2 protein chains.
Amino acid sequence: MIANDFYEAHTQGDFKIHDLGDLALESGETLRNAKLAYRTFGELNTDKSNAILVTTWFSGTGKVMEDVYVGADHALDPSKYFIIIADQLGSGVSTSPQNNPAPQTMGKFPKLTIGDDVAAQHKMLTEHLGIEKLALVVGGSMGGQQVYEWAVAHPEMVERAAPIAATARISLHQKVFVQALEEAITSDPNWNGGWYASGLDVRDGMDRMSKIVSALGWSREFYQEERWSTILGMSSLDDFINGFMKAYFEPMDPNVLLSEMHKWQRADVGRHADDDLPKALGRITAKMCIMPIDHDLFFPPNECEADCRYISGATVKVIQSKDGHMGLNGLEPDYMAQVDGALNVLLQS
Amino acid sequence: MIANDFYEAHTQGDFKIHDLGDLALESGETLRNAKLAYRTFGELNTDKSNAILVTTWFSGTGKVMEDVYVGADHALDPSKYFIIIADQLGSGVSTSPQNNPAPQTMGKFPKLTIGDDVAAQHKMLTEHLGIEKLALVVGGSMGGQQVYEWAVAHPEMVERAAPIAATARISLHQKVFVQALEEAITSDPNWNGGWYASGLDVRDGMDRMSKIVSALGWSREFYQEERWSTILGMSSLDDFINGFMKAYFEPMDPNVLLSEMHKWQRADVGRHADDDLPKALGRITAKMCIMPIDHDLFFPPNECEADCRYISGATVKVIQSKDGHMGLNGLEPDYMAQVDGALNVLLQS
C-alpha cells in the first residue's frame, strides 16, 4: 500500500464503500476483503424499476461519470432514476493495487477481468441494494465493455444497455495498442515490478504512456483543427501534451493503470459461449443502443456496428465528436446532448 | 562508428557511394565528407529526358525500392527509364550515425532534415550524373515527403511527381506518434544518449518501438481479418509481433531510426514560403499524382487529398490496401498493380 491522495474523497467526491468479502476471480485467485466504491443519486422507487447502473472507464472514476453524465439536465436524471455509479475494481478507488494491504498489494495485486467487475457489481446490487432489475446499464470505453458483460452474463437483470465507444470483444488492433501502453510503464526501471514508494517515481514511464494515449485517444481531426486550443484552451501542441495529457495521468497510480489495462485488452463476452461471439451476443435480451463515436481510433464505428448484427433489436447511434475516443469526457458541448438524446429514446422504449 | 552488417552490400545488394564533400545542413551544422548511397537501373538517353529518382522511407533502404518497385513488369521499367534510387542520409547506408567517423558519429551525428536529403540528391544528380530534368520523382512515406520537397524546392527540374502515402506537411497527430516512437528507444537505458557498443544492446527499446509501429502502421482491418496469417504467413498475433515486426527492426541501428524520425516529424514544405503551405504548394509545376493508401493511419487519404487542392493539375489516386501504411511494401499482390497503373498514366502524360 502507498498513500495516493488522488483516489481519496477530496479529489473523488463523496463515495461509499461496500465490503464484498472474498471475491473469487476468473483467474482462479481470490481477492480477499474486496471493496467496491460506488455513489448513488436519486431514490429507488417502490417497485424497484428505476435503477440505472453506470460503469467507469480506463483511468476514470465515478467522479467523471457523476460530473459529466448525471444530473437534472441529463437523461440520467436523479429525480427519475436511482443511479448507481460503480468504480471498477483496481481503478484506485475500489480495491486496487495501491490501497490494498499485503500480500495482495502493488506488484502482487491479483490480475482482474471485466467479468470480475461485473461479478462484484452484481453481488453488491443484489445482496446489498436488493436490486433485481436494471432499467439501464450504461458506460463508455472499458465501462462499455462492462455493459456488454452485464447484458450477456445477466440478461434476466438488464432491461436496457448502452455501451458507448466500446465493443463486445477487444480488437486485436487495440490489444497491440494497449500492450504498447503497458510497456511504456513497465519499461521504466523505477516501476520495479510494481514496487515503488510513490507513483511519481514512475513519471517517465507514465509520461511516455501519456504520449501514446495522445496519439490514438484523440482523433486526427482534433490535431488538424488544433482543438486543444478551441476545446481545451491549451496554447500549443507541447502545452497540450505536457499541461493536459501528462498532467492528467501524473497523479494516478501506475499499477492502477496497469490493472485496468490487463482487463481492457482481455474483454471478450465470447468466452461465455466457447469463444463464439455471435452466440454470446445472441443471449442478450436487453434493448440496446450501441453508441460509437465517429472519429474514435480505439473502438471505431464499424467495429461497434459489427456487434449490432448479432443482437436482436439493437440499434446503433453514432455520436459525432471530432475529439474521437476522448469525446467521452464531454468537453464538447454537443456531445452530451447527443448521448442524452439517445439514452432518452432508449429509456422511453 | 560501430559495425552493423545489416547496412552492408550482402544485405542491401549492390549500391554505389557518391562523395558529396562537406554538406551544409539546414540546421547550420555541416556534415563532413557526406556520402550518398545510390543504385541505378537502365540507361540515361541522349537527351537526358528519361531519368527517374526514387526516394526511400523510414527504416527502408534502396533495396526494398529496387525489389518491389523497379523491374520490367513495373512502371519503373529499366528498359525505358534511367532509374536512380537514392538512400536517405542517416538511413544506415548513406552517411549515417553508425557508419560515420568521429566526431560526427553515434550520439553526435548531426540532426538532418528532408531538405538536407533533397539538397544531397540534387547535388549528386546535377554534379555527378549531369541530370537537369527528372521525368519523375517517386517515393512512399518519408520518400513521399522528399518528393514534395523536390517538387517545391526544384520545380524547374521536376516534370512529374508521385508522393505515395505522404503529405507535404507532417500532421500534428503524426508528430505525436513519431515522438512516441522516439521515446520508446531513448528511454532504454542501454541507448545511453546514442552511445552503445551494438544496436542489439538497445533491443528492449527497439522492441517497444516495434509494437507502437505495429499499432498504427497496419490498419485495423489488417488485424480484424488476421492478415498476418493470409498475407504474411504468421501463425498468431504474437508470432506476427515477435517474428515479423520485432524481427524486422532488430538488425537495424537505433540511432539510424532516430535520425530518420527527426526528419520525419519535421517534414514541411511550407517553410519555403514562410510557413504558408498553400503558397509553397502553389510553386509546384510538376504533373502530380498523389497516392494515399485507403486504410493508412499515418497519412490518411483526406490529409493527402487536402494537399491536392493547392497544386494545379494534381490528381489523387487512392490505392486500396487493407495493409494500411505498410501496404507500401507491396506484400499484397494487387498493391503494385494499382501503383504501376497510376504511374504509367502519369508517365504518359
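See above for the structure.
Let us look at the structure shown here. Here, residues in each chain are numbered from 1, in the same order as that chain's written sequence. Whichever chain is written first becomes A and whichever ligand is written first becomes 1, with later ones labelled in order. Only residues with pLDDT of 70 or above have their local features reported here, since the model is predicted, and side-chain atom pairs are shown and tallied only from 80 upward, although totals for entire chains, interfaces and linings are computed over all residues. Each side-chain value is worked out from all heavy atoms of the structure, with water and hydrogens disregarded.

1. A word on the overall build of chain A
Counting its regular elements, chain A contains 13 helices and eight strands. Radius of gyration here is computed from C-alpha atoms only, and the compact-globule reference equals 2.2 Å multiplied by the residue count raised to the power 0.38. Whereas a compact globule of 349 residues would reach a radius of gyration of roughly 20 Å, chain A reaches 19 Å, a difference of no more than 12%. Taken over the C-alpha atoms alone, chain A extends approximately 50 × 50 × 40 Å along its principal axes. Going through the 349 residues of chain A one by one, you find that 63% of them count as buried. In chain A, 74% of the contacts between residues at least 6 apart in sequence involve partners at least 24 apart. What sets the accessible areas is the Shrake-Rupley method with a 1.4 Å probe; for residues, cover comes only from the shown protein chains. Here chain A displays about 12,200 Å² of accessible surface, and carbon together with sulfur accounts for 49% of that area. Here chain A carries 29 positive and 48 negative side-chain charges, and the mean point of each set is 4 Å from the other. A helix here means a DSSP run of H or I that spans at least four residues, while a strand means a run of E at least two residues long, and both kinds are numbered starting from the N terminus. Partly exposed describes any residue whose relative accessible area lies between the buried limit of under 20% and the exposed limit of over 50%, with all areas from a 1.4 Å probe on protein chains only and scaled to the type maximum. We call two residues in contact whenever any of their non-hydrogen atoms come within 4.5 Å of each other. Charged residues are defined narrowly, with Lys and Arg counted positive, Asp and Glu counted negative, and His plus the chain ends left uncounted. We put the charge of a Lys on NZ, of an Arg on CZ, of an Asp on CG and of a Glu on CD.

2. Focus on the packing of helix α5 (residues 172-186) of chain B against helix α6 (residues 203-217) of chain B
Residues and elements named next belong to chain B. Direction vectors running N to C along α5 and α6 enclose 160 degrees, while the axes themselves pass 7 Å from each other. With respect to their mutual orientation, α5 and α6 come out roughly antiparallel. Contacts between α5 and α6 involve F177, A180, L181, A184 and I185 from the former and G205, M206, R208, M209, I212, V213 and L216 from the latter. Within the contact of α5 with α6, the residues separate by chemical class into ten nonpolar, one polar and one charged. Each axis is a line fitted through C-alpha atoms, and for a helix only the stretch in contact is used; angles between axes span 0 to 180 degrees, taken between their N-to-C directions. In this scheme, roughly parallel covers angles under 35 degrees and roughly antiparallel covers those over 145, while 65 to 115 is roughly perpendicular and the rest are oblique. Ten residue types, Ala, Val, Leu, Ile, Met, Phe, Trp, Tyr, Cys and Pro, are classed as nonpolar, four, Asp, Glu, Lys and Arg, as charged, and the remainder, Gly among them, as polar.

3. Section: the nonpolar core
By nonpolar core we mean a set of buried residues, namely Ala, Val, Leu, Ile, Met, Phe, Trp, Tyr and Cys, connected to one another through side-chain atoms within 4.5 Å. Counting residues in hydrophobic clusters, the biggest one holds 185 residues, and the most contacted among them are A:F240, A:W264, B:F240 and B:W264. The residues touching B:F240, leaving out its near neighbours within four places in the chain, are B:W218, B:F222, B:Y223, B:W228, B:L232, B:M234 and B:M245.

4. Some thoughts on unusual backbone geometry
All names here are of chain A. The omega torsion of the bond from A102 to P103 falls at 5 degrees, within 30 degrees of zero and hence cis. Inspection of the secondary structure puts P103 in the loop between β4 (82-86) and α3 (114-128). Phi angles above zero are rare outside glycine, and E226 is one such case at about 50 degrees. Among the structural elements, E226 can be located in the loop between α7 (220-224) and α8 (227-230).

5. As for empty space enclosed by the protein
Site definitions follow a grid-based scheme: protein atoms alone, a 1 Å grid, a 1.4 Å probe that fits but cannot get out for cavities, and for pockets an open set with protein on both sides within 12 Å along at least five of seven lines, plus lining residues having an atom within 4 Å of a point. Grid points are joined across faces, edges and corners, and a volume is the space filled by probe spheres set on the points. The full count for this structure, using the stated rule, is one cavity of 30 Å³ or more. In this structure, the largest cavity occupies an estimated 60 Å³ of space. What lines the largest cavity is A:A180, A:E183, A:A184, A:S187, A:R208, A:I212, B:A180, B:A184, B:R208 and B:I212. Those elements that provide at least two residues to the lining of the largest cavity are α5 (172-186) and α6 (203-217) of chain A together with α5 and α6 of chain B. Considering every element that reaches the lining of the largest cavity, the biggest residue donor is α5(A), with three residues.

6. Looking at the environment of B:Q174
All names here are of chain B. Checked against the element boundaries, Q174 lands in helix α5. When the C-alpha atoms of Q174 and T95 are compared, they prove to be 26 Å apart, with 79 residues separating the residues in sequence. Apart from the residues lying within four places of it in its own chain, the contact partners of Q174 are W264, F298 and F299.

7. Comments concerning helix α12 (residues 301-308) of chain A
For α12(A), every residue scored as buried is listed here: A:P301, A:E303, A:C304, A:D307 and A:C308. On the buried face of α12(A), the contacting elements are α4 (142-153), α11 (277-281), β7 (287-290) and β8 (315-316) of chain A together with α7 (220-224) of chain B.

8. Focus: the relation of the copies chain A and chain B
When the copies are overlaid, the least-squares fit takes in C-alpha atoms only where the residue has pLDDT of at least 70 in both copies. Between chain A and chain B, the superposition needs a rotation of 180 degrees and an axial shift of 0.0 Å, giving an RMSD of 0.0 Å. Seen this way, the second copy is the image of the first under a two-fold rotation axis. No C-alpha of chain A approaches the rotation axis more nearly than that of A:A184, which lies at 3.7 Å. When the interface residues of chain A are mapped onto chain B, 100% of them again lie at the interface, so the same face is used by both copies.

9. Observations regarding the interface of chain A and chain B
At the interface, 30 residues of chain A touch 30 residues of chain B. Two parts lose some accessible area (1.4 Å probe) when they are put together, and adding that loss for both gives the buried area. Roughly 2,700 Å² is buried in total at the junction of chain A and chain B, and carbon and sulfur atoms are behind 65% of that figure. Throughout this description, the term salt bridge denotes a Lys or Arg side-chain nitrogen within 4 Å of a carboxyl oxygen of Asp or Glu. Here chain A and chain B share two salt bridges between them. Across the pair B:E183 and A:K211 runs a salt bridge, and its minimum N-O distance is 2.8 Å. At the level of elements, α5, α6, α7, α9 (237-249) and α12 of chain A are the ones that each hand at least two residues to the side of chain A that touches chain B. In terms of residue count, α5(A) provides more of the side of chain A that touches chain B than any other element does, eight residues in total. Class assignment of the residues belonging to the side of chain A that touches chain B gives a composition of 15 nonpolar, six polar and nine charged.

10. Some points on the state of the cysteines
Residue and element names in this part refer to chain B. Two cysteine sulfur atoms make up a disulfide if the distance between them is within 2.5 Å. On inspection of all chains with the given rule, the structure shows zero disulfides over all chains. Unpaired in terms of disulfides, C289 finds its nearest cysteine sulfur in C308, a separation of 8.9 Å. When its relative accessible area of 5% is taken as the criterion, C289 is described as buried.

11. Focus on the environment of B:N4
All names here are of chain B. As for its position among the elements, N4 is in the segment before α1 (9-12). With 248 residues separating them along the chain, N4 and M252 place their C-alpha atoms 7.9 Å apart. At 2.9 Å, the side chain of N4 and the backbone nitrogen of F6 are in polar contact. Residues adjacent in sequence count toward polar contacts only when both atoms are side-chain atoms; beyond that, a polar contact is any pair of N or O atoms within 3.5 Å, and within protein one must be able to donate a hydrogen and the other to accept it.

12. Describing the sheet that holds strand β1 (residues 16-24) of chain B
Residues and elements named next belong to chain B. Any two strands are treated as partners once DSSP identifies two or more bridges connecting them. The mixed open sheet is built from eight strands, whose spatial order is β1-β2-β4-β3-β5-β6-β7-β8. A single partner strand is all that each edge strand has here, and the edge strands are β1 and β8 (315-316). Sheet analysis places strand β7 (residues 287-290) next to β8, joined by two bridges and oriented parallel. Among the inter-strand pairings, C289 is bridged to a residue of β8, identified as T315.

13. Looking at the pairing of strand β2 (residues 30-41) of chain A
All names here are of chain A. Bridge count for strand β1 (residues 16-24) against β2 is seven bridges, and the pairing is antiparallel. Within β2, the position partnered with H18 by the bridge is L36. Counting the residues between successive antiparallel strands, the hairpin from β1 to β2 contains five residues, one of them, G28, with a positive phi of roughly 105 degrees. Two strands pair when backbone bridges link them, and β2 and β4 are joined in this way by four bridges, in the antiparallel orientation. Counterpart to R39 in the pairing with β4 is I85.

14. As for the packing of aromatic side chains
The description of an aromatic ring pair rests on the distance of the ring centres and on the angle between the ring planes. All names here are of chain A. Stacked, tilted and edge-to-face are the three classes applied to pairs of Phe, Tyr and Trp rings, where Trp contributes its six-membered ring and a pair requires centres within 6.5 Å; stacked means planes under 30 degrees apart, edge-to-face means over 60, and tilted covers the rest. With the rule as written, the count across this model stands at 36 aromatic pairs over all chains. Both rings, one in F58 and one in F249, keep their centres 6.3 Å apart while their planes meet at 45 degrees; by these two values the pair is tilted. With F58 in the loop between β3 (51-54) and α2 (62-69) and F249 in helix α9, this residue pair connects regions lying 191 residues apart in the sequence. Using a relative accessible area of 8% as the deciding quantity, one classes F58 as buried. Here the aromatic rings of W228 and F240 are separated by 6.2 Å at their centres, their planes lie at 20 degrees, and the arrangement is stacked. Of this pair, W228 sits in helix α8 while F240 sits in helix α9, and the two are twelve residues apart along the sequence. Of the two residues examined, W228 and F240, each falls in the buried class. Counting every residue linked through ring pairs, the aromatic cluster contains F58, F177, Y248, F249, W264 and F298.

Geometric values such as these leave the question of function open.
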